[in-house]
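# Geometric and topological summary
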Amino acid sequence: MAFKTLFALASLVTAAFAAPSPLASCGGGRTVKNAACCAWFPVLDDIQANLFSGGLCAEEAHEAIRLIFHDAIGFSNSLTQQGKFGGGGADGSILAFSDIETSFAANFGLDFTTEAFIPFALAHGVSFGDFVHFAGAVGASNCLGGPQLQFMAGRPNNSQPSPDGLVPQPTDSADKIFARMQDASFSPVELVHLLTAHTVSAQYEVDTDVAGSPFDSTPSSFDNQFFVESLLHGTAFTGNGQGGESMSPIPGEFRLQSDFAISRDSRAACEWQALANDHQTMVNNFVAAMSKLSTLGQTGFNLVDCSDVIPVPIAAKFTATLPPGKSMADIDRSGCASFPFPSLATQPGPVTSVLPVTA
């Protein structure tokens, strides 16, 4: 009996130290854990060359990240509980029914993005849901210091149009946005983590006269500047000051009313401040929140983890700073009196205008 026990233990130890499962070769020196994921490398090569202009973190990459949210947040537990269709979540309906969903006020201007994306999905025979979330993950990986987002493949092409009114708008109050996100199973803190996307974002539709105005001074770097600069006291409007804009602290930088409200709301402000100078935590939280978002409504399908197809971003170490001409006295700490804001140095040099993001 003792011999059998020892033999069983030895077998367990041997299994524990056994060689890992071999990787599947996709050719060209590329390998993946699941051979089914090899089909995504041609898609990767195509969109990097022909959608993202050779792998840039520019307008199309920014819009790809944005499209993940606008697609997936079309999901409502409360509508489902009422016996209504609550949306399919991360199902690609924003591409499948682009003519319908881009007519929603919150999706104004996204028709240019969906029209650019649809031919790639059709050319490679992948579902719209998979393509939306693959392209967004690849776009994010193009940004310096960015995340390697999870990509789960296998969404079917059987979506329905999302109900209108499920995508938050810049003019919404913090209460309304928090309620909408809670209805989709996201807490205020998780919303802050999702808004990390604004560190590589710009507005194109809130005020078309200043299209491309970024939300921070470093829109091609996945750094912490958004969380710093969004808490600076605003001094002037970059646009016309209407339709969802708040005053910004830097010429050329655009501040959304919704970002202003959330960053100063006690339910989110401390988490917002905590991310102002902690790059790795910011990235890790974003990856977790986006993993949840990109599988919203998709739990009934047998999705395959193809995250190893997503490029590893160029690593970078960032130290958050105050823009030239600003000091710690310019930080608005009204939303979180209990959390000490990190002491930041001011960038040297004269005050300059932030340039718009271009393709």
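That block above? That's the structure.
In this text, all values refer to a predicted model and were calculated from it rather than measured experimentally.

Taken together, the buried positions of helix H9 (residues 174–183) are Ala-174, Ile-177, Phe-178, Arg-180, Met-181 and Asp-183. Immediately downstream of H9, the backbone of Ser-185 shows phi near 75°, a positive value.

Let us now look at the environment of Val-43. Structurally, Val-43 can be placed in helix H2 (residues 40–50). A C-alpha to C-alpha distance of 9.0 Å links Val-43 and Ala-135, two positions 92 residues apart in sequence. Apart from the residues lying within four places of it in its own chain, the contact partners of Val-43 are His-124, Val-126, Phe-131 and Phe-134.

Right, let's get into the nonpolar core. Nonpolar side chains in soluble globular proteins tend to end up buried together. Grouped together as the largest cluster of nonpolar side chains are 83 residues, with contacts concentrated most on Trp-40, Ile-47, Phe-131, Phe-134 and Val-309. In terms of residue count, helix H8 (residues 128–141) provides more of this core than any other element does, eight residues in total. Once you skip the residues sitting within four places of it in the chain, Phe-131 turns out to touch Trp-40, Val-43, Ile-47, Leu-95, Phe-117, Phe-120, Ala-121 and Val-126.

Tallied over the entire structure, the rule returns ten salt bridges. A salt bridge links Glu-63 to Arg-66, with the shortest nitrogen-to-oxygen separation between them at 3.2 Å. On the criterion of helical spacing, the pair formed by Glu-63 and Arg-66 is a turn pair, its members being three residues apart in helix H3 (residues 59–72). Residue classification places Glu-63 among the buried positions, given a relative accessible area of 4%. Two residues, Asp-265 and Arg-267, come together in a salt bridge whose shortest N-O distance is 2.8 Å. Judged by its relative accessible area of 14%, Asp-265 is buried.

The backbone of Ser-53 shows a phi angle near 50°, a positive value even though the residue is not glycine. The topology assignment puts Ser-53 in the loop between H2 and H3. The backbone of Ser-185 shows a phi angle near 75°, a positive value even though the residue is not glycine.

About the criteria used
Residues numbered from 1 in each chain as written. Predicted model: local features only at pLDDT ≥ 70, side-chain atom pairs only at ≥ 80, totals over all residues. Heavy atoms only, no water. Buried < 20%, exposed > 50% of the residue type's maximum accessible area, 1.4 Å probe, protein only. Helix = DSSP H or I, 4+ residues; strand = E, 2+ residues; numbered from the N terminus. Contact = heavy atoms within 4.5 Å. Core = buried A, V, L, I, M, F, W, Y, C linked by side-chain atoms within 4.5 Å. Salt bridge = Lys/Arg side-chain N within 4 Å of Asp/Glu carboxyl O.

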